[in-house]
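Tertiary structure, described
Residue-level listing of the chains:
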Amino acid sequence: MIISRQLTGLALASTLFGLSLSAHALSPAAQTSADIRRTSFGVPHIRAENERGLGFGIGYAYAQDNLCLLANEIVTVNGERSRYFGPEQLTVEQRENRVSDVFFTWLNTPEAVETFWQAQPTQVRDLVEGYAAGYNRYLAERRQQGLPQQCQGNWVRDISAEDLVKLTRRLLVEGGVGQFAEALAGATPPQATAQVKHDTEAFQLADARQQRFALDRGSNAVAVGSERSFNGRGMLLANPHFPWVGGMRFYQMHLTIPGKLDVMGAALPGLPMINIGFNQHLAWTHTVDSSKHFTLYRLQLDPKDPTRYLLDGKSLPLSKQTVTVQVKQADGQVVPVKRDIYSSQFGPIVQWPGKLDWDKQYAYSLRDANLDNDRVLKQWYAMNQASNLKDLQDAVHKIQGIPWVNTLAVDDKGQTLYMNLSVVPNVSAEKLAKCSDPRLGLRMIVLDGANSGCAWDVDPQAAQQGIFASSQLPQLLRKDFVQHSNDSAWLANPAQPLTGYSPLVSQDGQPLGLRSRFALDRLAELSKKGPLAVKDLQHMVMDDQVYLAAQVMPDLLKFCGADLGSDAATLKPVCASLKAWDGRASLDSGIGLVHFQNIMQALLESPDIWRVAFNPADAQHTPHGLALEQPAVAKALREAMLASVELAGKMGLKPDMRWGDIQVVSSGGRQTPIHGGPGTLGIYNAMQSVPRDDGKLEVVSGTSYLQVVSFDEKGPHAQGLLAFSLSSDPASKYSRDQTEAFSKKQWSVLPFTEQQIQADPQYQVQTIKQDQAGKVAAQ
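A brief structural summary. (Residues numbered from 1 in each chain as written. Predicted model: local features only at pLDDT ≥ 70, side-chain atom pairs only at ≥ 80, totals over all residues. Heavy atoms only, no water.)

**A short note on the sheet that holds strand S14 (residues 347–348)**
Reading across the sheet, the three strands line up as S12-S13-S14 and stay open at both edges, with antiparallel pairing between neighbours. The open sheet has two edge strands, strand S12 (319–328) and S14, and neither has a second partner. Examined bridge by bridge, S12 and strand S13 (residues 334–344) share ten bridges and lie antiparallel to one another. Bridging across to S13, Ser-319 finds its partner in Ser-343. Where helix H4 (residues 97–107) meets the sheet, it contacts S12, S13 and S14, and its direction lies at approximately 130 degrees from that of S12. (Pairing = 2+ DSSP bridges. Helix = DSSP H or I, 4+ residues; strand = E, 2+ residues; numbered from the N terminus. Contact = heavy atoms within 4.5 Å. Axes fitted to C-alpha atoms, helices over the stretch in contact; angles between N-to-C directions.)

**A closer look at the side chain of Thr-32**
With respect to the helices and strands, Thr-32 occurs in strand S1 (residues 32–38). With residues up to four places along the chain from it excluded, the contact list for Thr-32 reads Arg-52, Gly-53, Phe-56, Ile-768, Lys-769 and Gln-770.

**A word on the state of the cysteines**
Applying the stated rule across the entire model yields three disulfides. Covalent S-S linkage joins Cys-435 and Cys-454, the inter-sulfur distance amounting to 2.0 Å. With the S-S bond torsion at -85 degrees, the cross-link from Cys-435 to Cys-454 turns out left-handed. Of this pair, Cys-435 sits in helix H12 (residues 429–435) while Cys-454 sits in the loop between strand S18 (446–448) and strand S19 (475–478); the two residues are 19 residues apart in sequence, bridging distant segments of the chain. Judged by relative accessible area, which is 4%, Cys-435 ranks as buried. On the accessibility criterion, Cys-454 (1% relative accessible area) is buried. (Disulfide = S-S within 2.5 Å. Buried < 20%, exposed > 50% of the residue type's maximum accessible area, 1.4 Å probe, protein only.)

**Regarding the packing of aromatic side chains**
Tallied over the entire structure, the rule returns 17 aromatic pairs. Look at Tyr-62 and Tyr-131: their rings are 6.3 Å apart centre to centre, the planes differ by 40 degrees, and that puts the pair in the tilted class. Remark: Tyr-131 occurs in helix H6 (residues 122–145) and Tyr-62 occurs in helix H2 (residues 51–77); sequence separation between them is 69 residues. The same class applies to Tyr-62 as to Tyr-131, namely buried. Where Phe-85 meets Trp-155, the ring centres are 5.3 Å apart and the plane angle is 75 degrees; that geometry is what we call edge-to-face. (Phe/Tyr/Trp six-rings, centres within 6.5 Å; stacked < 30°, edge-to-face > 60°.)

**Observations regarding the packing of helix H10 (residues 376–385) against helix H11 (residues 389–399)**
The interhelical angle for the contact between H10 and H11, taken along N-to-C directions, is 165 degrees, at an axis separation of 9 Å. Here H10 is positioned roughly antiparallel relative to H11, judged by the angle of their axes. Relative to H11, the crossing made by H10 is right-handed. Of the residues in H11, those in contact with Lys-378, Gln-379, Ala-382 and Met-383 of H10 are Leu-392, Ala-395, Val-396 and Ile-399. When the residues that make up the contact of H10 with H11 are grouped by side-chain class, the tally is six nonpolar, one polar and one charged. (Parallel < 35°, antiparallel > 145°, perpendicular 65-115°, else oblique. Left-handed = near helix turned anticlockwise from the far one by under 90°. Nonpolar A, V, L, I, M, F, W, Y, C, P; charged D, E, K, R; others polar.)

**Quick word on the pattern of salt bridges**
Applying the stated criterion to the full structure yields 31 salt bridges. Of the charged contacts in the structure, one is a salt bridge between Asp-65 and Arg-38, with a shortest N-O distance of 3.0 Å. With a gap of 27 residues between them, Asp-65 in helix H2 and Arg-38 in strand S1 connect regions that are remote in the sequence. Taken as a pair, Asp-65 and Arg-38 share a single burial class, namely buried. For the salt bridge of Asp-340 with Lys-320, the shortest nitrogen-to-oxygen distance reads 4.0 Å. Of this pair, Asp-340 sits in strand S13 while Lys-320 is found in strand S12, placing the two residues 20 residues apart along the sequence. We classify Asp-340 as buried; its relative accessible area is 14%. One network of salt bridges, with partners in common, ties together Asp-35, Arg-37, Arg-47 and Glu-754. (Salt bridge = Lys/Arg side-chain N within 4 Å of Asp/Glu carboxyl O.)

Okay, structure coming up:
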């Protein structure tokens, strides 16, 4: 089991914990220390002599900025929300506490957490243990001052390395079984009395959350090489679109161990290393991939017993795991509630009413490849330490720890790299044809669970049983550019299409997303003007161009110019706003953007609206144009426009309102206007926002950590922003400052060298030390 070298307030979970403690204790003379130097916007530059000290500094700095956020996430991944907050309240992800607790109790069993921990190298263990100790040190200090208002309660406690492993395992399954929490927690044998009722609303929320996954965690990336960059060296744009709240909220930092590590960028909560960033010689980013990281198996059940399934004609019992969740009652009393989770050899049973039903004939198991991925932390730390592009590529090839994202990178020599080397089930196109029902399509892979020949193949070259080896996955090394915006690997660079892979890995010949089309068009347009500069990559995001507008606005305005009949008076304001709109999602853009968004989101639900259909031979430019000559399309457009008028009325929109008056983010009782908009409209600066009671839209995810990195003979030059700011504490001076800069489209220089750090006008330094007894001094 996992032991932090400082376990204040925590009891040992088992004898194994005690054994692990004595085997991995702090040496008698050891002292842990770190320097936390903060620059503008409070960005911490953390320096230590070893991994233990570095982790200590990271955990302490993170707690200074996001104490309550991490405390809340720790309660979640331990399955304790019902105990402290009651079973029916919702998590940040809009999931019932009861369901969340059952899921995480199932996911993070002591055995699973122990297995993960035992697989970690010493350096990673030291980072994780140091992080927990640093967080706990700041928590102790803050208790003396009084905890922030958002996290006052007995649910806030010291954390251990075990807690951080649970947080990491939650990250791993975000692209797989994590999307099926309701289906897993609610799966019940058909003859049994339902232990958990099937909440229709909960499954509707789950369905919406699943549909939004790639939007909430989407990304753009452009890597420019020597043939296209202004100085013949590499240049990288990182533009991940991640949630602005909760456990997937990025944190900006710079990590240094002299002579060993010097890396800057952003990391997710609880991770003591950089996920997206740069060092002296290279820069990299990630984009959520379109690969499949899990498969479903349709089990043929034994007619005599729906808790048994047939495999190669033999009846086998489903295994049963009883999980216990502590649930707070209305009177405040906490009682244990048990729930049975059933599994086949292909994974847990998931039951989704109307989609994945468990009846007396069939049930569905879900196998998630990342449940066995214990290499993710080792993977990112190896990338952090890479001294050139080959080191980075070799590390990803060998470790194969990237969970559900692509990697794009550049180096100071002018090479660009695209890798779709994530953890993907080893199911070939041939096996898929043999083992799946073609009527179900490829959106969700369902294999035959009655045939052992449909199990994932095992490649001895792969880092994990049942996944594709690195050599079987898409990658591209070029000197002009590679780009990606959550489509398949197919057209990362159209000059060298990546084809011929298993459909679970990448599907070619499919329509591109509008953000990919925008990027390819913009790069082609810029190439006619000469080499690309840093500002060109910045403008790709900050221009806020709505790519779809160029494809359909002539048709919309043509429709408006025709005889609108009895609807003319009603539609006149819509048409006027569309005509006046600048085709962007900037703060000054008019409400034509709102109407355009409403209209096109309705029309895009039908694949038959296009005048020019998709053509794989011209994927960059098709489909386009609205087929208004077809009565059904014209009717759908009219209805969408009328619906938009009605919705605008309900929102209280006025003709002279700007986008900046409508889309905002709130913090500490104040709100900041936010530019950008839905990525489904081809807005590179993708933003997801939800309606508020006052008619405005509140941003919940989208452009998060921004960086553009270039190189010269001295090293990296980076500019960036953390769009939602460093701290999630509304009382912090770092909770809104970068958000306001983002609103004004003001990039900032990211100080990387010692000279840059110490010359920063907001420079301040804090040294924290922890001796063997766990005592801490701050200077």
